[in-house]
Amino acid sequence: MSGVEIRVRSDSRQARSDLRNLEKSVSNIEKTAAGVTTTFKRLAVGIATAFTGTALTKSINNATDSLTSLENRIALVTGRGAELNVQLDALFKIAKETKSPIDATVETFNRFARSLKAAGKTTAEINQAVRSVGLATTISGGSAESTRAALFQLGQGLASGQLRGQELNSVLKQAPKLSRVISDSLEVPFGSLRKLAEQGKITTEVVFEALINQTEALEGEFGNIEITA
């Protein structure tokens, strides 16, 4: 496979099936990546070594499906210079370590960055918030589909400047830990979030600061859970 070597140690039928799917996915990556940056191709193939079992197959397929789209979402923030390559690497690392879908991770970065860079937030701070989002959604324990739905609605709210209505309801239902992060940071009862949202008080800045403030707590809780494939 063009010099890509993958070692999987397992005797299970599922693992062998995953490996066959992975080999097909890596082949697709090598074809799809022809039109994108060399660094992005390297990172997309490299993600294969970061996961095992079903998580590996899902993550590599997610990357394969939208290589160019993911690169473009980041380039809208960073441009196409050296910073793009650095940020690609950072987001793949965040997705790997938080067990989050790479496409959702990139989209969250895009939404936060485009909303907050003008306010003087650094890329490092935005990456910290993105990491906290990944930790919170994984702790919530929903499916990949529900996680994407929650993060899509979160992104819509971030883009509009406020989290409220349908966007807030989706986050409350499908990523409850993320909602709890906001209430804990604001030091208000969880049940009061809807009222605060109606008052326009759950702004992008408020969500961002909550995620920054609760990073340590999220790291601790994430370390105590068992991740299942």
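Our subject in this report is the structure included herewith. Treat the numbers as computed from the prediction; the structure is a model and nothing was measured. (Residues numbered from 1 in each chain as written. Predicted model: local features only at pLDDT ≥ 70, side-chain atom pairs only at ≥ 80, totals over all residues. Heavy atoms only, no water.)

## Here's the deal with the packing of helix α4 (residues 67-78) against helix α6 (residues 102-116)
The interhelical angle for the contact between α4 and α6, taken along N-to-C directions, is 20°, at an axis separation of 9 Å. Classified by the angle their axes make, α4 and α6 are roughly parallel. In this structure, α4 meets α6 at a crossing whose hand is left-handed. Listed contacts from α6 to Leu70, Arg73, Ile74, Leu76 and Val77 of α4 are Ile102, Asp103, Val106, Glu107, Phe109, Asn110, Ala113 and Arg114. (Axes fitted to C-alpha atoms, helices over the stretch in contact; angles between N-to-C directions. Helix = DSSP H or I, 4+ residues; strand = E, 2+ residues; numbered from the N terminus. Parallel < 35°, antiparallel > 145°, perpendicular 65-115°, else oblique. Left-handed = near helix turned anticlockwise from the far one by under 90°. Contact = heavy atoms within 4.5 Å.)

## Some remarks on the pattern of salt bridges
All told, the structure shown has nine salt bridges when counted by the stated rule. Across the pair Arg80 and Glu71 runs a salt bridge whose closest N-O atoms are separated by 3.3 Å. Assessed through its relative accessible area of 53%, Arg80 is described here as exposed. According to the relative accessible area criterion, Glu71 is buried, its value standing at 3%. A salt bridge links Arg111 to Glu107, with the shortest nitrogen-to-oxygen separation between them at 2.9 Å. Of this pair, Arg111 and Glu107 both sit in helix α6, four residues apart, which is roughly one turn of the helix. Beyond isolated ion pairs, a larger network of salt bridges with shared partners links Arg73, Glu107 and Arg111. (Salt bridge = Lys/Arg side-chain N within 4 Å of Asp/Glu carboxyl O. Buried < 20%, exposed > 50% of the residue type's maximum accessible area, 1.4 Å probe, protein only.)

## Looking at the packing of aromatic side chains
For the structure on display, the rule yields one aromatic pair. Centroid distance Phe112 to Phe208: 5.9 Å. Interplanar angle 65°. Geometry classified as edge-to-face. Of this pair, Phe112 sits in helix α6 while Phe208 sits in helix α12 (residues 204-213), placing them 96 residues apart in sequence. Phe208 carries the same exposure label as Phe112, and that label is buried. (Phe/Tyr/Trp six-rings, centres within 6.5 Å; stacked < 30°, edge-to-face > 60°.)

These figures capture arrangement, not role.
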